[in-house]
Amino acid sequence: MTLPALGWQGLVVLVVFGVSLLIATYSTYAERVIAAFLQDRVGPDRAGPFGLLQPLADAVKLFTKEEFFPAGANRALFVFGPCLAMVTALMSSAVIPFGNVLQFGETAIHLQGIEINVGMLYVFGMVSLGVYGIMIGGWASNNKFSLLGAIRAASQNISYEIAMGLALIAVLMMSGTLSLREITLQQSVAGEWHFWNIAKQPLGFVIFIVCAFAETNRTPFDLPECETELIGGYHTEYSSMKMGLYLFAEYINVFVASAVMSVLYFGGFNFPFQYELRDWLVSSQGLELVTASNIITILGLVGLFAKIFGFIFFFMWVRWTLPRFRYDQLMRLGWTILIPLAIFNIMLTGGLITFGVIK
Amino acid sequence: MESLSKRAKVLEKKPMTLAERAYLPAIFQGLTITMRHFFRAATKKQVTVRYPDETRPFSPVFRGLHVLKRDEQGRERCTACGLCAVACPAEAITMVAGERKKGEENLYREEKYAVSYEINMLRCIFCGLCEEACPKAAVYLQADKMAPPRFERDEFIYGKDRLVEPVTPDNRSKRGIQLTPEQAEKLRTQLQTA
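Residues numbered from 1 in each chain as written. Chains lettered and ligands numbered in written order. Predicted model: local features only at pLDDT ≥ 70, side-chain atom pairs only at ≥ 80, totals over all residues. Heavy atoms only, no water.

## Considerations on the packing of aromatic side chains
As a reminder of what qualifies: Only Phe, Tyr and Trp rings are paired, with Trp represented by its six-membered ring, and only when their centres lie within 6.5 Å; those with planes under 30 degrees apart are stacked, over 60 edge-to-face, the remainder tilted. Every helix listed is a DSSP run of H or I at least four residues long, and every strand listed is a run of E at least two residues long, numbered separately from the N terminus. Each residue is placed in one exposure class: buried if its accessible area under a 1.4 Å probe, protein chains only, is under 20% of its type's maximum, exposed if it is over 50%, and partly exposed if it falls in between. Working rule: Lys NZ or Arg CZ, within 6 Å of ring centre, within 35 degrees of ring normal, means a charge sits over the ring.
Considering all chains together, one arrives at 26 aromatic pairs over all chains under this definition. Where Phe98(A) meets Phe255(A), the ring centres are 6.2 Å apart and the plane angle is 5°; that geometry is what we call stacked. Here Phe98(A) is found in strand E1 (residues 97-104), whereas its partner Phe255(A) is found in helix H10 (residues 240-265), with 157 residues between them in sequence. Both residues of the pair, Phe98(A) and Phe255(A), count as buried. The interplanar angle of 75° and the centroid separation of 5.4 Å between the aromatic rings of Phe266(A) and Phe311(A) together place this pair among those described as edge-to-face. One end of the pair, Phe266(A), is in the loop between H10 and helix H11 (274-283); the other, Phe311(A), is in helix H12 (residues 289-319), with 45 residues separating them in the sequence. Grouping aromatic residues by their ring pairs yields a cluster made of Phe37(A), Phe213(A), Phe313(A), Phe314(A), Phe315(A), Trp317(A), Phe38(B) and Phe39(B). Lying across the ring of Phe69(A), Lys242(A) places its NZ or CZ 4.5 Å from the centre. We note Arg162(B) situated over the ring of Tyr158(B); from NZ or CZ to the ring centre the distance is 4.0 Å.

## Quick notes on the sheet that holds strand E5 (residues 157-158) of chain B
Residues and elements named next belong to chain B. Selection criterion: Strands qualify as paired when DSSP identifies two bridges or more between them.
Strand order in the open sheet formed by three strands is E2-E3-E5, with antiparallel pairing between adjacent strands. With partners counted over all chains shown, the strands left at the sheet margins are strand E2 (93-99) and E5, one partner each. Direction of pairing for strand E3 (residues 112-120) relative to E5: antiparallel, over a ladder of two bridges. By the bridge assignment for E5, asparagine 120 is matched with isoleucine 157.

Quick look at the structure:
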């Protein structure tokens, strides 16, 4: 990779970082507005036009609140917990392929933080590390309710990671690669009728999305936080921006989960008839192939974000519709239903691949 | 046992069907319901009243904060007869009567007037019986004003300073006697000379 290309790639990393933060910020606003609309209310509309400055006001509020350390808390770990939750959440967005290649003369810019051939494994690793943020924060608080909440969160995440991984294996059996970029590119082939993975893996997708809800600690699986039994769950003792980091990490996780689902099952940055559109731009509009490809790349970028926002909306829609599970129901669903279903899905996929129905 | 109303329904606890156990159909049913509400909130007029910006209109028969009216010449109508205090079921009204001195004819309408007139808004039940009892049409419960919340108990005892209608002729309550523009002008000149 040449030096200017490396510089461009660094810029892309920064942009991905910024966009993740921005989306997480406005997820808080979107959540409140969507919740309000689903409940026939108005929602935040005081700060700025349509309340658009509400996240800013929230941030100012969080930053100016008292920085509180409970007595007997392990100060270093108490600070480290939310930082870890935030860092791991942000890091997992690095490998998401947000778009194809932009070509400017000699330099080709991949609209992806970093391309690694174990992308999916990397995301899973980061998500697993995220549990430590919750666990360390809950333990360092020196509060039994925090600890109980953290244990609940950890056991829930570990349980659902298994089913999630098994659902993923079925996709990987078809793709034969862990690179998210490769998986995306495989979902659309020029010149032939090609389906996204959702058409081949409907059961796997249902398992994956259910597990994604559990992994991001969202309703109906928001057991780590519960006012009635655990006061606030793992972040009971947290105040100020450390609390904000935990809440923020959740929204970044929602964003990453939405992005991963879009990439794995909904074709990533592909959109229907993109090659036809490119050929049309070249043949009828007289554009160069490079320019036409760049236009397709940008359209694909917009398309991927539309898919991601669709999933984020779905996350919120479900949150404000469903009641939560009881903890034993959650565990039973995870271990006795989702994992066997995922294994069945693997065998089904294997059979279909063997008999050449799907590839 | 024989049912008295014969309306009791016997419910059989059937085992759940596969569709019910799979949760998903019920989940989608719930999602459609909330989505209907989402579009209703986005398109139809919302039921929420955005309070400081818009206020719900008061009922025309609302009985709110009291006012002691003045007559057409801006004189206090109250003669401290005490009928309102007698009528008050909550015993919220107290007053001290006094005799009008010479030269106070432009302040009080009759020879007798209320030196002090107090209503305890914590006792008052806003029934309006004082308004009905008043023979001089002096006390009214305003239809457009409420007794506001306060921090201290003694701030709820409203004296004449807060009850008597303001002398500025333009600043009048909606109910009771209204001044014509000529009367208001006359009152204004009277107040300036006094």
